[in-house]
Structures are given as structure tokens and as C-alpha cells.
Amino acid sequence: MILNKIQDFLTLDMLKSGGKAIIMEILDTNISIKLIEMGCLPGETVLVRMTAIGKDPIAIEVSGNLIALRRSEARSIRVKPVDE
Amino acid sequence: MSKGIKIALIGNPNTGKSTLFNALTGLKQKTGNFPGVTIEKSTGHFTLEDGTIVEITDLPGSYSLFPKSLDETIPFKVLIDPAHPQRPDLVLFIADASNLKRNLVLLSQLIDLKVPIILALNMIDQAKAKGVQIDITCMEEKFGMPIVPISARKNIGIDNLLHQISLGGKVSAQSFTFDGQTEIEDLRLLQTSLGVTTRYNALLHLHHGFTNKTTKPDHKAALDKFRSNNLFDSGTRQRDDLLNRYKLISAILSGCIKEADTSAFKRRQEKIDAILTHKFWGYIIFFAVLFLIFQSLFSLADYPMKAIIASFNWLSERLEQAIPGGALNDLVSNGILPGLSGILVFIPQIAFLSMFIAIMEDTGYLARVAFIMDRTMRRFGLNGKSVVPLISGTACAVPAIMATRNIENRKSRLITILVTPLMSCSARLPVYILLVGLAVPNRTVLGIFNLQGLALMGLYVLGFVAAIAAATVFKILIKSKIKQYFILELPVYRLPNLNTVAITVVNKVKAFLFQAGKIIVAISIILWFLASYGPPGAFRKVEEKYAAIKPVDEAQKHSLALSEKTEKLQNSFAGDLGKAIEPVIRPLGFDWKIGIALITSFAAREVFVGTISTLYGLEGEGSDFNQLRANMLKSRDPVTHRKIYSFATIVSLLIFYAFAMQCMSTLAVTYKETASLKWTMVQLFYMTGAAYVFSLLIYQLLPVATRLF
């Protein structure tokens, strides 16, 4: 039960490099528009491909695109991890 | 008289839009700005088989018609404003064949505006190589428009595309508009009161309306009424609109496209990324690349630059002999020609820098640089993409400021433009060398370090620190309405397309020549006038004085000519200006002769050396620094008899040259790039203000400090 609740609050910035997850929702509307336009939308699988020094910015692979974003922006993407 | 049509080229970023534009138009291109904004506009021409002349506009790459940055408002404005000069008869939509789902979201918005469209599926060769299968007939049916698979790089399918252009495209009957049933009536009413052709057009007005100053009052009232009646929340609407489009497009595409397993392709890309964005090697590689750019700006560009200067000197000597002496001769050989050479001399550096940046951008590396440098640059209100302009500024601020075009984030771009001229450019170098030689002994310390070299390096560090400090201040001062974020696509690595690179270089050089060049020539002529004319009374006295002396031999004739030149400059308008500003610059330790040099430096900083040489009775730039330094050190204040070039004065002068904005070329480029007199003036005054304050502090406090220690 507790574990489920923690998962509900998992955001993309918490994922390690190589981590995979499904996008649940994007909390910030303004950022969500930009992200959705670039192919990063709820329901898609996202993979953290690499991170810069200090884990910021991060680069994610989603619907065939590689997108760099800052940690602060990744924090507004709620995700559900996928186990391989 | 053959008829002409207008085409707009629209598509996502990184779809090969510029490559197609170049393939269609070649060098028949013009760059300028869109009316009222600083976004670069490229238009070009080509002729169809039937003789129709096509004017094509390359619109900024954009992911949707919703505006987030200034660039992205342009496709919308061009498309919906019936009075817009670039309003197209036909939209040429370009999409990356391997990434259709995302690309077609923007297309679906254009479809809802009911404009005639042709869809070009670019990089079809790569999609095929990856194993993606696209059923073109199925797509044409579903999207209701002609579709042409092409490869702009390899010139595949271009003939077919031209044929389709001559057929005029098609208005698709499809609709992707997503609006609630209850408001359709309201939306229709709005559509009528705005006088637009589609509901989606009216909807886009609702999203854009607040930014549009030209909105008519009755239109504004209609928009406001709709907004309040339907609790219009632009953000959520945009999000839902996009999500709905994705859903519809996915459904269509799944029937027409067979996706392939691209993991082999991806693995190769990942391997390159693993090296280029490596937490250690990534930086080493980046600094190596910078070193290469830096080297070529300094050394490689040096040969053509010297050749340009030499040929202009030769030309002006020839002209001086060819046309009869007098004002016209002097204007041409000392006013216009140096002005022209002052512009042309920048071309090698601009060409080299824009070549490197075009290659970095075309290969996808520039986006990786932004990725690895963003964290560091962010603290100072800059972003990852500010690095290259800043470093290039150590060669010359002019091409560096032109290189800020890649920064999408407006605030970061503006800050980068404002602070780049603080980086020590190569024009400061002769001034630094002359002055450091005066103040710092040529001695070796700690075994290997040359003291003068250390001082010179210190000045470069000072420039960098000043740029970062200024950026931090601007970060706080500049308010931005548009939310700043750093969401950046890292495009697929590709080999650079030499054609695209070459055309970019030519266009950058052309843009500089014709836009900044005009201002530079104009100011050069003004400076020439100030330095070669003076109030008639004083000037005639000098001329009469020298006319009266009959030289005994050639040597004396030469030295007389030199001292006449010196006295004329002292009595010119520039000399008067120098004397006029003396009370202002006295507290910095500068006399009126330095004042003259400060004024003429506005043509280019290195002119300081030439002016000082003339003032101290030596021949122009060619004279040797040691003789000049000796003359400078001998000079004393006529009233106080104190040395003019005291240590404090020299340091103060160095600080002044490090900070002050004394370069008309940079100002001209800043004005061109920001399209704002306000920010150009901000740059002029903040830099010169800082120069004044710090030189004042140094000159006043240095003697106190040396007495204390």
C-alpha cells in the first residue's frame, strides 16, 4: 500500500540513467504543451538516455525523439516505472 | 510578364527544412527580418517549367501553431493575416519520414485552416534504410493532399515536388478540430465577427489574441465575449487540442505505415552520444573543438585579413596618386576606403565562424554542446547555447553576436548579445600590447612566466569575469513575460551537408555586408571628417605655418610633413572634441591627446595605436612600438609637469579599453540583431559607464594603495 502511494508521486527527475517509465501526466500546463508538441505525452514510454554533469539537464528518449530538459522541468512529469 | 506565386515552407525543426529551401532556391536568397520582429526571414526564388516564378519563404521551424516563443508566432501570423506580405498561395509542408506522428500534428493544424498544402516526406532514403514502410497512396487518401517522398540532401524527388507545386496543392477535406458541442455555435458566431474562413482560425485567434496588438476593437470585444461565455482556458485547451490530434493521427498512420525495428540505428547513435556527452571526455572534446575554432579565427583568418588590409592600403595609395589632391582624394583614400576595409576585414572571421557553427548545427553537435554546458551557463542567465558566441567574442564580437541566432530563448539570447563585447576581442590586442609594454617590465618570474604575458592573460580573464558578472546583473534586471525553459530536441547525428554549410556562410557574410556595413561606412566618414578638418582659423594657421617653411632636403621635408600632420590632428574637430572631453576624462588620468584617441577608437579599437602614433609625431601603424613608447613616456603635463603616462594612468587606460563599448561595428550588429535602439544604447552605456567607474576607481585609489603598501 505505502509503496503504491510512493509510486503515485514518482516524477521523471527521480529516474536513474537507463530507467524506463510510462508517462502518467504532466503537471505544469505550460510545460506540458511544449513537451506534448515534441512527442512527450501521457501513455508514451520514456527512457532516461543520459544525464549531464550533476544530473541536470537530462536527455530522454520518447516516441523516437531524444529530448533534453532540465531537472526542474522533469519534476513536473509524473511517471510509472516499468520493470524490464 | 509571367505570373508568380508565393509559397510558405513550414515544418518541425530538424526536418531538413533549410536543406530543401537551399535545394530549391540555391543562392537566389534574401535574408531580412519579419516586420516588427527580430526573427530572421529567408525568402528565395525559383522558376517552374511553365515559367511561373515562385517566391518561397522559409518560416521558422515550429512544432505547432500555438505560440510559445516569438519565432513560433510567425507561421500563424503569416498564414491567417490576409494583409501579410508573405501570405502564401500554397503551403509546402516538410516532414521527417521517420518521425511522422509528431511532424503531422502541425500539418493537421494547417489542414484545419483550409489552406492548399503539399506534403513532402523528407529523408525518405533514411526511413527506407531503417525499414519504415510508408504507403503513400493510403496517406494521400487519408490526408487528402498530394504527398511527395523526397530526400533534399540527395536531391531525390525534387522534380516530382516541382511538378506538384505547379499543380497548386490541395485543400484537404479532413478535419482535426476538437471543440465541445456546446460552443460550436459560439465559435461560428466568432468566426463570422472576425471574418475568418474556418472555426479553427477563430480558435487560434482566441489563443493568440492577447499578443496581437493590431486586433481591431470590435474583434477584441467578440474574442473577450467568447472567452468569458465559455470559460476559455487557453493552456488546457491547447493541451487537449494537441492530445486529440495525436490520437487521430496515430489512428490514421497505423493503417498506412509499418514501423520498423530501429534499435540498430539507435545503438549507433547512442555510441556517439556516449562519447560526445561523456562527463569527462565530452568536455575535453568540446574544448578541443573550441580550440580549433579559436585557432582558425586567429591564425587562419589572419592571412585573408592581412591581404584585405594590404590591398586596401595599396588601393588608397594608388588613388592618392591617381586623382588630384584635395578634399575628394582625401575623402576617398582616408575616409571611404578605410571604412570599406574596416568592414571587409571582418569577412574572413565571420565566414570561418559561421562555417564552424553551421557544421556543428548540421551534424547535431551544437545541441549536445548546449546539453553539456547548460548547467554552468544557467547560473548567469545564459544557456548552453551561449558558450560558442562568448568564446568567439575573444576573436571578434561581430561574428560572435551574429552567432547568437541559434539561441531560441529570447532572454538568454539578449543577455548573450549584451555581454559578448566584454570578452577581449582581437582589436584590443594591439592596444593591450602597447600599454602593457609601457607599464609592465619584460621580466621572467618563477622561471617560466613572462610578466607581460601574465598581464595580458590577466586582461583576458578580466574580460571573461566582467562578461559573466554583467550577465548575472542582466539576469536579474531583464524581465521576461514568456516562461523560460530549456526543452531542446537533440537531433539525430548526421554528416554535414556541404551545400547547406556553404550557402549559410555566403548568406551570413552577405547579411553582415549589407546591413551592418552601411552603418560602419557612414560612421567612418564622420570620423574621417572630424579628424581631418578643424575650425577654419586654427587650421589655416597650421597650414600657413608649414607653407612658409622651405625644407632644405628630403629628410626635413618628411619630418615637416609628419609634424604638420600631428599639428593638424591636434587642431582638428577631433582634437577639439578631445580637449572638450578632457575635464570629463581628467579624473581617469587621461589628457586630451588620449581623448582624441578614445574618439577615433570608435572606428575600431586598434585605431588607438595609429592615432597615438600620429599624435606623438610618428608615422602611422607601421612605426615601431619601442620608439612610440619612449615618446609617450617622455611626455609631461604642460602645467603640472607630471608624467602623463604614470603607472596609474596606464592601468586605468587598460581597464577603460577592457570595458568600454568603443566599437561601432559591434553596435551596428547589435542593433541589427536586436532590432532595438534601446538595447543597443543599453549596451553602449552600461559598458562605457562601467569603464568610466572602474578606471576612475583605479586611477584614484591605485596611488593611495601603493603608498600604503
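Here we summarise the structure given alongside this text. No experiment lies behind these values; they were computed from the predicted model shown.

Often, the extent of an interface is quoted as the loss of accessible area on bringing the components together. Residue-level contacts link 29 residues of chain B with 28 residues of chain A. When contributions to the side of chain B that touches chain A are tallied by element, the ones reaching two or more residues are helix 3 (100-112), helix 10 (234-256), helix 16 (365-378) and strand 12 (487-489) of chain B. Here the side of chain B that touches chain A takes 7 residues from helix 10 of chain B, the largest share from any one element. Its residues assigned to classes, the side of chain B that touches chain A shows 13 nonpolar, 6 polar and 10 charged. Of the pairings in the sheet, the one linking strand 4 (residues 65-69) of chain A to strand 12 of chain B comprises 3 bridges and is antiparallel in character. Paired with A:Ile67 across the two strands is B:Glu489, which belongs to strand 12 of chain B.

This next bit is on the pairing of strand 4 of chain A. All names here are of chain A. A large share of strand 4 lies buried, amounting to 5 of its 5 residues. Burial along strand 4 is two-sided: Asn65, Ile67 and Leu69 and Leu66 and Ala68, pointing in opposite directions, are all buried. Relative to strand 4, strand 3 (residues 58-62) runs antiparallel, the two sharing 5 bridges. Each residue of the ladder has a partner; that of Val62, found in strand 4, is Asn65. What sits between strand 3 and strand 4 in their antiparallel hairpin is a turn of 2 residues, with Ser63 showing a positive phi close to 35 degrees.

As a further point, take the pairing of strand 1 (residues 20-26) of chain A. All names here are of chain A. Bridging between strand 1 and strand 2 (residues 45-51) involves 3 bridges; their strand directions are antiparallel. What sits directly across from Lys20, in strand 2, is Leu47. Relative to strand 5 (residues 77-81), strand 1 runs antiparallel, the two sharing 5 bridges. Along strand 5, the bridge assignment pairs Ala21 with Pro81.

We now examine the sheet that holds strand 5 of chain A. Taking strand neighbours across the sheet as the criterion, the 6 strands line up as 5(A)-1(A)-2(A)-3(A)-4(A)-12(B) in an open arrangement whose pairing is antiparallel. Strand pairing shows two members of the sheet lacking a second neighbour, strand 5 of chain A together with strand 12 of chain B, which therefore form its edges. With direction set aside, neighbouring strand axes in the sheet form an average angle of 40 degrees.

The rules behind each value
- Numbering of residues starts from 1 in each chain and follows the order in which that chain's sequence is written.
- Chains and ligands are labelled sequentially in the order written, the chains with letters from A and the ligands with numbers from 1.
- Thresholds applied to this predicted model are a pLDDT of at least 70 for local features of residues and 80 or more for the giving and counting of side-chain atom pairs; totals over whole chains, interfaces and linings are not thresholded and use all residues.
- By definition, residue pairs are in contact when their C-beta atoms, positioned from the backbone, come within 7 Å.
- Starting at the N terminus, helices and strands are each numbered in turn, a helix being any DSSP run of H or I of at least four residues and a strand any DSSP run of E of at least two.
- Under the grouping applied here, Gly and all other residues not named as nonpolar or charged are polar, the nonpolar ones being Ala, Val, Leu, Ile, Met, Phe, Trp, Tyr, Cys and Pro and the charged ones Asp, Glu, Lys and Arg.
- Strand pairing requires that DSSP identify at least two bridges connecting the strands.
- Buried means a residue has 20 or more other C-beta atoms within 10 Å of its own C-beta, exposed means 12 or fewer, and partly exposed covers the counts in between; C-beta atoms are placed from the backbone.
- Fitting a line to C-alpha atoms yields each axis, with helices limited to the stretch in contact; the angle taken between N-to-C directions then spans 0 to 180 degrees.

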